[in-house]
Amino acid sequence: MAKNTPDFVLRPFEGLPGEPDWVALRELVPAATATARTTAEHGARDVVVTTVLPNSWAALHRTDGVVLVALQTGTSSGDASRDVATALLLALDAEPGTAIETIGLPTPGPRLQDVLDLSVPFEVTVQESFAYWLDPSTDVTPDLQAALEEADAGIIDTRRLAAAESAYWCRMGAREYLRWAQPADEQVVLDGLSRLHARRESGFDDAKFIGYFRAAGIVVPVWELARGSEADDVEKPLAAFVPRLEAAMADDTPLDANARRARAGLVARQVTLR
């Protein structure tokens, strides 16, 4: 029987500008938007990439013509890039005011890497409200306002930091964390973290390195911050830590015994998202 579904892709967003931010918006950030544009072949249309849409819609062609495509949707195939591209193309072809609720199981077709203009930066804006779902001219009725407020209540306080690419501060309950998506190969990141951890240098300031996620084929290390830390408090110490981690990842000498033990402990505690 002929194969009609794509194979599993470990790093579905590899090759896109800002791959770690694509992963962060898909797996970690509750409410955010980012910029993208389709290729000339697909109309050179500006597109809003978002974390989530109402009712878990895959995409939305708003009444004002703006097209939004969501990343936090169920994976229909083994390739999240193909799934999102399918939803995006359906939304582009749909009439304004149309939601693409589901996409089913996509047949083989273009991926985001084929549909998007890769010269356009993926610029992320973390949002405090889902009001961006709406056409600005929408008459916000009391019922609609209540629905938005209910959705907004589930947003975890999150900020994108300036000190490092794809680094996000968040507050979960009474604790604050730094989650920093890494573009480098998993083995390189883990070796670097292991070298620092073995030397008791994997933390910075009052931030304690506690482990990492694996998401969409990349590594997302996590630090627990000092209780009550705000995003601005993390910028300076993180900026000082960046070159230390970069140097540890650039070191390609064999790990010593302490670093190997540290690495084994990190791998044993890792969590794979999806």
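Residues numbered from 1 in each chain as written. Predicted model: local features only at pLDDT ≥ 70, side-chain atom pairs only at ≥ 80, totals over all residues. Heavy atoms only, no water.

**Student:** Looking at this structure, I do not really get the environment of Asp-251. What am I missing?
**Tutor:** Within the secondary structure layout, Asp-251 lies in the loop between α6 (231–250) and α7 (257–269). The exposure class of Asp-251 is partly exposed, given its relative accessible area of 31%. At 2.6 Å, the side chain of Asp-251 and the side chain of Thr-253 are in polar contact. (Helix = DSSP H or I, 4+ residues; strand = E, 2+ residues; numbered from the N terminus. Buried < 20%, exposed > 50% of the residue type's maximum accessible area, 1.4 Å probe, protein only. Polar contact = N/O pair within 3.5 Å; in protein donor to acceptor, adjacent residues only side chain to side chain.)

**Student:** Hey, could you run me through empty space enclosed by the protein in this one?
**Tutor:** Taking a probe equal in size to a water molecule and rolling it over the atoms shows the remaining empty space. For the coordinates displayed, the defined rule picks out 1 cavity of 30 Å³ or more. Approximately 50 Å³ is the volume found for the largest cavity. Along its surface, the largest cavity is lined by Leu-16, Pro-17, Trp-22, Thr-35, Ala-36, Arg-37, Leu-116, Asp-117, Leu-118, Val-120, Pro-121 and Phe-122. Of the residues in the lining of the largest cavity, the class split is 9 nonpolar, 1 polar and 2 charged. (1 Å grid on protein atoms, 1.4 Å probe; cavity = no way out; pocket = protein on both sides within 12 Å on 5 of 7 lines; lining within 4 Å. Points joined across faces, edges and corners; volume = space filled by probe spheres on them. Nonpolar A, V, L, I, M, F, W, Y, C, P; charged D, E, K, R; others polar.)

**Student:** Whenever I open this one, the packing of aromatic side chains confuses me. Can you help?
**Tutor:** Two numbers describe a pair of aromatic rings. These are the distance of the centres and the angle of the planes. Counting across every chain of the model gives 10 aromatic pairs. Ring geometry for Phe-130 against Tyr-132: centres 6.2 Å apart, planes inclined by 55°, an arrangement best described as tilted. Judged by its relative accessible area of 6%, Phe-130 is buried. According to the relative accessible area criterion, Tyr-132 is buried, its value standing at 14%. Consider the rings of Trp-180 and Trp-223, whose centres lie 6.0 Å apart with planes at 40°: the pair is tilted. Within this pair, whereas Trp-180 is found in strand β9 (residues 175–180), its partner Trp-223 is found in strand β11 (residues 218–224), the two being separated by 43 residues in sequence. (Phe/Tyr/Trp six-rings, centres within 6.5 Å; stacked < 30°, edge-to-face > 60°.)

**Student:** Explanation requested: the pattern of salt bridges in the structure shown.
**Tutor:** It is possible for side chains of opposite charge to pair when their charged atoms get near one another. Applying the stated rule across the entire model yields 18 salt bridges. The partner of Glu-27 in a salt bridge is Arg-26, and the shortest N-O contact between them spans 3.7 Å. Linking Arg-159 and Glu-128 is a salt bridge whose minimum nitrogen-to-oxygen distance equals 3.3 Å. Of the two residues, Arg-159 is situated in strand β7 (residues 157–160) and Glu-128 in the loop between β6 (124–126) and α4 (142–152); the sequence distance between them amounts to 31 residues. The network of salt bridges with common partners includes Glu-128, Asp-157, Arg-159, Arg-171, Glu-176 and Glu-230. (Salt bridge = Lys/Arg side-chain N within 4 Å of Asp/Glu carboxyl O.)

**Student:** What is the right way to look at the side chain of Ser-229 in this model?
**Tutor:** With respect to the secondary-structure elements, Ser-229 resides in the loop between β11 and α6. For Ser-229, a relative accessible area of 11% translates into the label buried.

**Student:** Which parts of the structure should I look at to understand the side chain of Thr-38?
**Tutor:** Checked against the element boundaries, Thr-38 lands in the loop between β1 (32–37) and β2 (46–50). One polar contact links the side chain of Thr-38 to the main-chain carbonyl oxygen of His-42, over a distance of 3.0 Å. Every residue in contact with Thr-38, bar those within four places of it in the chain, is listed here: Gly-43, Ala-44, Arg-45, Val-47, Leu-88, Leu-92, Val-115, Leu-116 and Asp-117. (Contact = heavy atoms within 4.5 Å.)

**Student:** I would appreciate a short explanation of the nonpolar core in the present structure.
**Tutor:** Soluble globular proteins tend to pack their nonpolar side chains together in the buried interior. Counting 39 residues, the largest nonpolar core has Phe-13, Trp-22, Leu-25, Val-49, Val-69, Leu-88 and Leu-112 as the members making the most contacts within it. Elements supplying a minimum of two residues to this core: α1 (19–27), β1, β2, β4 (67–70), α2 (80–93), α3 (112–115) and β11. Here this core takes 7 residues from α2, the largest share from any one element. Not counting residues within four places of it along the chain, the set of residues in contact with Val-69 comprises Val-47, Val-48, Val-49, Thr-50, Ala-58, Ala-59, Val-84, Ala-87 and Leu-88. The next biggest cluster of nonpolar side chains, apart from the first, holds 26 residues, and it includes Trp-223, Val-234, Phe-241 and Leu-245. (Core = buried A, V, L, I, M, F, W, Y, C linked by side-chain atoms within 4.5 Å.)

**Student:** Just to check I follow, could you spell out unusual backbone geometry for this structure?
**Tutor:** Only a minority of non-glycine residues have a phi that is not negative, and only a minority of peptide bonds are not trans. Phi is positive for Ala-44, close to 50°, though the residue is something other than glycine. Mapped onto the fold, Ala-44 is located in the loop between β1 and β2. Residue classification places Ala-44 among the partly exposed residues on the basis of a relative accessible area of 42%. One non-glycine residue, Asp-205, lies in the positive phi region at around 55°.

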